[in-house]
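# Notes for the structure review
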Amino acid sequence: MSQTIIDQFVQNQIGRAPALLKSYVQDDSGNKYVARSIFGNIKNLISDFQRGQREIRMVGVPGLRGVGKTTLLAQTYLDLFPKYSDSLLYISADQVVNELDSNLFSIFDSYQRIIGTSFEKLDHDLFIFIDEIHFDPKWSAVLKTMYDRSKKIFVVCTGSSALSLQSTTDLARRIVFEKLYPMSFTEYMLLKNKHGSKKPKLANQIKQAIFYSLDSLQCYSALSDLRPKVNKYWYGVDRLEIDRYLRFGSMPHSLNIKDESKSQILTSQIVDRVVERDIPSLGKFDNATLTSIKNILLLIAGSSEVSINSLANTLKGISLVTLINVLETLEKAEMLIRIYPYGSAYKKVRKPSKYHFMTPAVRHSLLSIIEGESAYRNHKGKYLEDIVALTLYREFGVKLSSPIFYDSAKGGADFILSLAGKKVAIEVGHGNKDSRQVQATLQKIKGDYGLVISNSQLAQEDNIVKVPLEYFLLM
């Protein structure tokens, strides 16, 4: 690619970025989307940078394709525009690598020529926004070099979870990661219906009661005390919003689409793009393997508990090693959440893992291909499990060693949360689910207390608390 063409591309990006990014932050009527809470986190880091705190000057935003990373980037860019109109650059690494056939090093060489100075000699602050940075295989070196060359550059970049998983030790000291997840129910209600608060204290209170109580009595008492606040939140809320949220509402595109079929199409397109664009950038697979990935996802959608050997036997023509690599790559792409069986390291290898989708919208999209309109009714329990898995992953998954497991024994609990010195068994179900599975798991692991998350009323039975969905969804 000639340098002239690259220079023209960068110059065009500088001129067209404000209008392009504006289309990501508002609907067709010009109404601005409400920013998610992560926007405030990034804005605070930029404010610290502007006040002279220069140690943190890079933010990486990993997340599944379609969860709103580009919208977040656009909102942050436009928040700084027009005050810094001459000091902003927005670049899509996907476009640079796959359409321009270039790389980020070349782009920034060109940008320095355009602004008439090198990064080392900057006399003013510069803000650079890089979307889908993982498409450049040398992204880590690009960020490290930029960090070392100037204290006047602040970078916000988005990408798959490769940002946090594949960053070098040197880079990890230079960048802060703010992971963007599919929307929680409270975010969905806030962005769609302006219902609730940007900083819901109730969410933290419920979280503290459910996960950090000493025993079931403390958990039940704390949740009982919160009943007036919970009832106040749900006052006037159409309970059908729960079903809409589980089917498609965790993905931001659902906020502006009333036709569910269109939302399913968009979710299906996201799955296709992950398979066709993101997976090849995260792992080396031949065309035959890439073609089989959609079938792998369909099989997981129908049965969360996956035996690698059984799956390999079902999918003729794909080796066990390749299948393991595919599943690991789907985790890196934020498509799947892997839950290991509880127990020794040997058991974790010998027993099958459970795979939940990062959002039930993906499961619904896949199952609808096979089962049509009955997909949600037939598998609602799995959709609920996905939301619980997402909530646990959001709260605890960033730890060096995940404390989230499941009981691999027949009739065992869906989840086991093993925190420092405490074990909580969790069962999830649609309808008024009983507590036998949780009780069996608690006795086996000598757990502290159990949770049954379902449509039941708040109640305590021995060392088990029945937590209504109306509570759990407010976290």
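Let me sum up the structure you'll find in this document. Quick caveat, the model's predicted, so the values are computed rather than measured.

This part is about the nonpolar core. Grouped together as the largest cluster of nonpolar side chains are 118 residues, with contacts concentrated most on Phe185, Leu223 and Leu297. Counting 31 residues, the second largest nonpolar core, distinct from the first, contains Ile91, Leu104, Leu143 and Ile153.

We now examine the pattern of salt bridges. Enumeration according to the criterion identifies 26 salt bridges in this entry. The closest approach of N and O atoms between Asp7 and Arg113, which form a salt bridge, is 3.0 Å. You can see Asp7 sitting in helix α1 (residues 3-22) and its partner Arg113 sitting in helix α5 (residues 104-115), a full 106 residues away along the chain. Looking at Asp7, the relative accessible area reads 23%, which means it is partly exposed. The exposure class of Arg113 is partly exposed, given its relative accessible area of 45%. Where Glu470 meets Arg239, a salt bridge forms, and the shortest distance between an N and an O atom there is 2.9 Å. Taken as a pair, Glu470 in helix α23 (residues 469-472) and Arg239 in the loop between α12 (227-234) and α13 (240-249) lie far apart in primary sequence, 231 residues in all.

For the peptide bond that leads from Phe81 to Pro82, omega is 10 degrees, which places it in the cis range. The topology assignment puts Pro82 in the loop between α3 (69-80) and β2 (88-92). Unlike most non-glycine residues, Glu132 shows phi in positive territory, near 50 degrees. At Glu334, a residue that is not glycine, the phi angle is positive and equals roughly 70 degrees.

In spatial order, the strands read β2-β3-β4-β1-β5; together these five strands make up an open sheet with parallel pairing. Looking along the sheet, the strands with just one partner apiece sit at the ends: β2 and β5 (176-177). Of the strand pairs in this sheet, strand β3 (residues 126-131) and strand β4 (residues 153-159) are connected by five bridges, and their pairing is parallel. Residue pairing for β4: Leu126 is matched across the bridge by Ile153. Lying over the sheet, helix α2 (residues 37-50) contacts β1 (58-62), β3, β4 and β5, oriented at roughly 160 degrees with respect to β4.

Glancing now at the environment of Lys179. As for its placement among the helices and strands, Lys179 is situated in the loop between β5 and α9 (185-193). Lys179 has contacts with Ile38, Pro62, Glu334 and Tyr393, leaving out every residue within four places of it along the chain. Only 3.3 Å separates the side chain of Lys179 from the side chain of Glu334, close enough to count as a polar contact. In this structure the side chain of Lys179 is engaged in a polar contact, spanning 3.0 Å, whose partner is the side chain of Tyr393.

Where α13 meets helix α19 (residues 360-371), the closest approach of the two axes is 7 Å, and the angle between their N-to-C directions is 75 degrees. Taken together, the axis directions place α13 and α19 in an arrangement best described as roughly perpendicular. Across the interface between the two elements, Leu246, Arg247 and Phe248 of α13 pack against Pro360, Ala361 and His364 of α19. Considering only residue class, the contact of α13 with α19 consists of four nonpolar, one polar and one charged.

So, on to the sheet that holds strand β10 (residues 415-419). The nine strands are arranged β6-β8-β7-β9-β10-β11-β12-β14-β13 in an open sheet whose pairing can be described as mixed. Each end of this open sheet is capped by a strand with a single partner; those strands are β6 (305-306) and β13 (459-461). Here strand β7 (residues 336-341) pairs with strand β9 (residues 404-406) via two bridges, running parallel. Bridging across to β9, Tyr340 finds its partner in Phe405. In the packing of helix α22 (residues 436-445) onto the sheet, contacts are made with β10, β11 (422-428), β12 (449-454) and β14 (464-468), and the angle to β11 comes to roughly 160 degrees.

Along the polypeptide, Asp131 turns up in strand β3. Buried charged residue Asp131 carries no salt bridge. Nearest counter-charge: Lys69, at 6.4 Å. At 3.3 Å, the side chain of Asp131 forms a polar contact with the side chain of Tyr90. Setting aside residues up to four positions removed in sequence, Asp131 forms contacts with Thr70, Leu73, Tyr90, Ile91, Ser92, Ala93, Asp94 and Thr158.

Let us look at the side chain of Lys354. Relative to the helices and strands, Lys354 is located in strand β8 (residues 353-357). Lys354 sits in the buried class, given a relative accessible area of 7%. Here the side chain of Lys354 touches Glu385 through a polar contact of 3.5 Å, side chain to side chain.

Now for α12. Among the residues of α12, Val230, Tyr233 and Trp234 are the ones counted as buried. The buried residues of α12 occupy an angular sector of 90 degrees when the element is viewed end-on, so they sit on one face. When the buried face of α12 is taken as reference, the exposed residues oriented beyond 90 degrees from it are Pro228 and Lys232. Looking at the buried side of α12, the elements it contacts are α9, α10 (201-212), α13 and α23. Looking one or two residues beyond α12, the residue adopting positive phi is Gly236, at roughly 85 degrees.

On to the pairing of β2. Successive residues of a regular strand alternate their side chains across the two faces of the sheet. Along β2, five of the five residues are buried, which leaves the element largely enclosed by surrounding structure. With five bridges joining them, β2 and β3 adopt parallel strand pairing. In the strand pairing of β3, Leu88 is matched with Phe127.

Moving on: the packing of aromatic side chains. Taken as a whole, this structure holds 17 aromatic pairs when the rule is applied. Note on Tyr77 and Phe81: the rings are 6.3 Å apart at their centroids and 15 degrees apart in plane angle, and the pair reads as stacked. Ring centres of Phe127 and Phe154 lie 6.5 Å apart, and the angle between their planes is 45 degrees; on these two criteria the pair is classed as tilted. Remark: Phe154 occurs in strand β4 and Phe127 occurs in strand β3; sequence separation between them is 27 residues.

What counts and how
- Residues numbered from 1 in each chain as written.
- Predicted model: local features only at pLDDT ≥ 70, side-chain atom pairs only at ≥ 80, totals over all residues.
- Heavy atoms only, no water.
- Core = buried A, V, L, I, M, F, W, Y, C linked by side-chain atoms within 4.5 Å.
- Buried < 20%, exposed > 50% of the residue type's maximum accessible area, 1.4 Å probe, protein only.
- Salt bridge = Lys/Arg side-chain N within 4 Å of Asp/Glu carboxyl O.
- Helix = DSSP H or I, 4+ residues; strand = E, 2+ residues; numbered from the N terminus.
- Pairing = 2+ DSSP bridges.
- Contact = heavy atoms within 4.5 Å.
- Axes fitted to C-alpha atoms, helices over the stretch in contact; angles between N-to-C directions.
- Polar contact = N/O pair within 3.5 Å; in protein donor to acceptor, adjacent residues only side chain to side chain.
- Parallel < 35°, antiparallel > 145°, perpendicular 65-115°, else oblique.
- Nonpolar A, V, L, I, M, F, W, Y, C, P; charged D, E, K, R; others polar.
- Lys, Arg positive; Asp, Glu negative; His and termini not counted.
- Arc of directions from axis to C-beta.
- Phe/Tyr/Trp six-rings, centres within 6.5 Å; stacked < 30°, edge-to-face > 60°.

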